Amino acid sequence: MSSETTTKTPEAAAVPPPGPAPVNNKQVPQRHRRLLTRRDRITLGFMAGVPTILHVALVWVTALASIALAFTSWDGIGFGSIKWVGLDNFRQLFTDNPQFWPAVEHNIIWFVVLILIPTPFGLFLAVQLDKNIRFSRVYQTAFFLPVVVSLAVTGFVWQLVYNPDTGLINSLIGANKPGHYIDWIGDPKLNLWAVLIAASWRHTGYMMILYLAGLKGVDPSLREASSLDGANEWQTFKNVIFPTLRPTNTVVLVVTIIEALRAFDLVFVFNKGAQGTELLSILITNNIIGESSRIGYGSAIAVVLLVISLAVIIPYLIATFRKERQA
C-alpha cells in the first residue's frame with residue numbers, strides 16, 4: 001500500500017488559516033501633541049489675568065478698604081493721618097447727622113414708588129407686546145430707549161422739562177409767567193417727586209423687558225387649556241400666566257431694591273441731593289469727595305448701604321442656589 005506525502009512550500013505556509021483575524025492588543029504609541037503653544041498660554045493668561053486683577057483691585061480691595069476706613073478718621077491727606085476711632089463714626093451717623101434718616105426715608109420712598117407705579121405699568125406693556133401686535137418691535141425700542149440712555153443724560157433732559165421758564169410742564173399748565181412759577185426742582189415739597197417721575201419713566205422700560213422675557217417662556221398649552229375651560233383674558237392672566245411669572249417677579253423685586261439703593265445720577269444732576277432729595281449715595285459722595293473730605297465718615301455710610309444691600313441679595317442667592325440643587 002503506497003502512501004502519498006505532500007510537501008508544503010514556504011508560500012503555502014505563509015498563508016493564514018481561515019477564520020477571524022487575530023486581535024492585536026498592542027496599541028501603536030502616539031506622540032503627545034500640545035494643544036496650546038507657549039504663546040497661546042501667555043495670551044490666555046493675559047486675557048484672564050488682567051480682568052481678574054482689575055476686578056479684585058477695583059471691587060474687592062476697595063470694598064474691604066472702605067470697611068476698614070469706616071472705623072477710622074481720615075481727611076485723605078497722607079496715610080499717616082489715619083486715626084482709629086472705632087464705632088464713633090456710626091454713633092455720629094445714627095445720632096448726630098440730621099440728613100441720615102431723611103436719606104434712608106427717601107431711599108424707602110424711592111423703592112415704594114418704583115414697585116407700585118413703573119413695575120405694574122411695565123408688566124402691562126409686556127402683556128400687550130406679547131400679543132404680537134403690529135409694530136411691536138418699534139414699541140419695544142421706544143419704551144426701552146430710556147434704559148439705554150445714560151442717567152446723567154436723562155437728568156439733563158428732564159431738567160429741560162421741569163425748567164420754570166421754558167419747561168414743557170409749566171408751559172402746558174400756564175405756570176411759566178411771573179408770579180405763577182412752579183419750581184419743580186427747587187421746591188423741597190416737589191423736587192423728590194419730580195425726580196421719581198423721571199426715574200419711573202426709565203424704570204418702566206426695564207421692567208417691560210424683564211416681564212416680556214418671562215412671558216416668552218410661558219408654555220402656550222397653558223393658554224390653550226385655559227381658553228378651552230372658558231376663561232377670559234383677565235382670568236387666564238390672573239390664574240394661569242401670572243403664577244408662572246414667580247421667578248421673574250423675584251428678579252424684578254431684587255432689581256428694584258438695588259435700583260432704589262443705588263439711586264444717584266438723577267438726583268445729583270438735578271440739585272446734587274439738596275433741599276429734600278437727600279439719598280444715602282449722595283451723603284457718601286458729599287463726605288468723601290466734598291468740600292470737607294471725611295473719608296472715614298463717608299465710608300461708614302457706605303458700609304451701612306452695603307449691609308442693607310447684602311440683606312436683600314444674600315437671601316435671594318440662597319433661594320436661587322437651593323432651587324438649582326433641587327432641580
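Each chain has its residues counted from 1, running along the sequence as written. Given that this is a predicted model, residues contribute local features only at a pLDDT of at least 70 and side-chain atom pairs are listed and counted only at 80 or more, while totals for whole chains, interfaces and linings are drawn from all residues. Excluding hydrogens and water, the side-chain values take into account all heavy atoms of the structure.

## Some details on the pattern of salt bridges
- The salt bridge criterion pairs a side-chain nitrogen of Lys or Arg with a carboxyl oxygen of Asp or Glu, the two atoms within 4 Å. Enumeration according to the criterion identifies 7 salt bridges in this entry.
- Across the pair lysine 216 and aspartate 130 runs a salt bridge whose closest N-O atoms are separated by 3.4 Å. Remark: aspartate 130 occurs in the loop between helix 5 (118-129) and helix 6 (136-148) and lysine 216 occurs in helix 9 (residues 191-216); sequence separation between them is 86 residues.
- Residue classification places lysine 216 among the partly exposed positions, given a relative accessible area of 48%.
- With a closest N to O distance of 3.0 Å, aspartate 130 and arginine 223 form a salt bridge. Secondary structure elements are defined from DSSP: runs of H or I of at least 4 residues count as helices, runs of E of at least 2 residues count as strands, and each element is numbered from the N terminus. The buried label applies to any residue whose accessible area, calculated with a 1.4 Å probe on protein chains only, is under 20% of its type's maximum; exposed applies above 50%, and partly exposed to all values in between.

## A word on the packing of helix 3 (residues 88-95) against helix 15 (residues 295-326)
- Put simply, helix 3 and helix 15 touch, their axes get as near as 9 Å, and they point 70° apart. For the element pair helix 3 / helix 15, the angle class is roughly perpendicular. Packed against helix 3, whose contacting residues are Asn89, Phe90, Gln92, Leu93 and Phe94, the element helix 15 presents Gly296, Tyr297, Ala300, Ile301, Val303 and Val304 at the interface.
- Broken down by class, the residue content of the contact of helix 3 with helix 15 amounts to 8 nonpolar, 3 polar and no charged. Think of each axis as a best-fit line through the C-alpha atoms, taken over the contacting stretch in the case of a helix, with angles from 0 to 180 degrees between the N-to-C directions. Throughout this description, any angle smaller than 35 degrees is read as roughly parallel, any larger than 145 degrees as roughly antiparallel, any in the 65 to 115 degree range as roughly perpendicular, and the remainder as oblique. Contacts are assigned to residue pairs that have any heavy atoms within 4.5 Å of one another. In the scheme used here, Gly and all other residues not listed as nonpolar or charged are polar, with Ala, Val, Leu, Ile, Met, Phe, Trp, Tyr, Cys and Pro taken as nonpolar and Asp, Glu, Lys and Arg as charged.

## Describing the nonpolar core
- Of all hydrophobic cores here, the largest spans 22 residues; its most connected members are Trp110, Tyr162, Leu266 and Phe270.
- Among the elements of the structure, helix 4 (100-116), helix 7 (151-161), helix 9 and helix 13 (265-271) are those that each provide at least two residues to this core.
- The element best represented in this core is helix 9, accounting for 6 residues.
- When neighbours within four sequence positions are excluded, tryptophan 110 is seen to be in contact with Leu192, Val195, Leu196, Ala199, Glu259, Ala260, Ala263, Val267 and Leu279. In this text, buried Ala, Val, Leu, Ile, Met, Phe, Trp, Tyr and Cys residues form a nonpolar core when linked through side-chain atoms within 4.5 Å.

## A short note on empty space enclosed by the protein
- Here the term cavity refers to a set of points on a 1 Å grid, laid over the protein atoms alone, in which a 1.4 Å probe fits but cannot get out; the term pocket refers to an open set having protein on both sides within 12 Å along at least five of seven lines, with lining residues being those that place an atom within 4 Å of a point. Grid points are joined across faces, edges and corners, and a volume is the space filled by probe spheres set on the points. Summed over all chains, the structure comprises 1 cavity of 30 Å³ or more.
- Estimated volume of the largest cavity: approximately 150 Å³.
- Partitioning the lining of the largest cavity into residue classes produces 8 nonpolar, 1 polar and 4 charged.

## Quick notes on the packing of aromatic side chains
- For Phe, Tyr and Trp, rings pair up if their centres lie within 6.5 Å, where Trp contributes its six-membered ring, and each pair is then called stacked (planes under 30 degrees apart), edge-to-face (over 60) or tilted (otherwise). As enumerated under the stated definition, the model contains 14 aromatic pairs in all.
- Both rings, one in tryptophan 234 and one in phenylalanine 237, keep their centres 6.1 Å apart while their planes meet at 35°; by these two values the pair is tilted. Separated by 3 residues within a single helix, tryptophan 234 and phenylalanine 237 lie in helix 11 (residues 233-244), roughly one turn from each other.
- One aromatic cluster is present, formed by Trp158, Tyr162, Trp184, Trp201 and Phe270 through successive ring pairs.
- Both a distance and an angle decide whether a charge sits over a ring: NZ of Lys or CZ of Arg must be within 6 Å of the ring centre and within 35 degrees of the ring normal. Positioned over the ring face of tyrosine 297 is arginine 294, at 4.1 Å from the centre of the ring.

## Some remarks on the layout of surface pockets
- By volume, the largest pocket amounts to about 480 Å³.
- Around the largest pocket sit 16 residues that line it, and Ala63, Ala302, Leu305, Leu306 and Ser309 are the ones nearest its centre.
- Broken down by secondary-structure element, the contributors of at least two residues to the lining of the largest pocket are helix 2 (38-69), helix 12 (246-261) and helix 15.
- Of the residues belonging to the lining of the largest pocket, the class tally is 13 nonpolar, 2 polar and 1 charged.
- Considered as a void within the structure, the second largest pocket measures approximately 360 Å³ in volume.
- Taken together, 16 residues line the second largest pocket, and the ones lying closest to its centre are Val127, Arg223, Glu233, Thr236 and Phe237.
- Secondary structure elements with two or more residues in the lining of the second largest pocket: helix 5, helix 10 (220-228) and helix 11.

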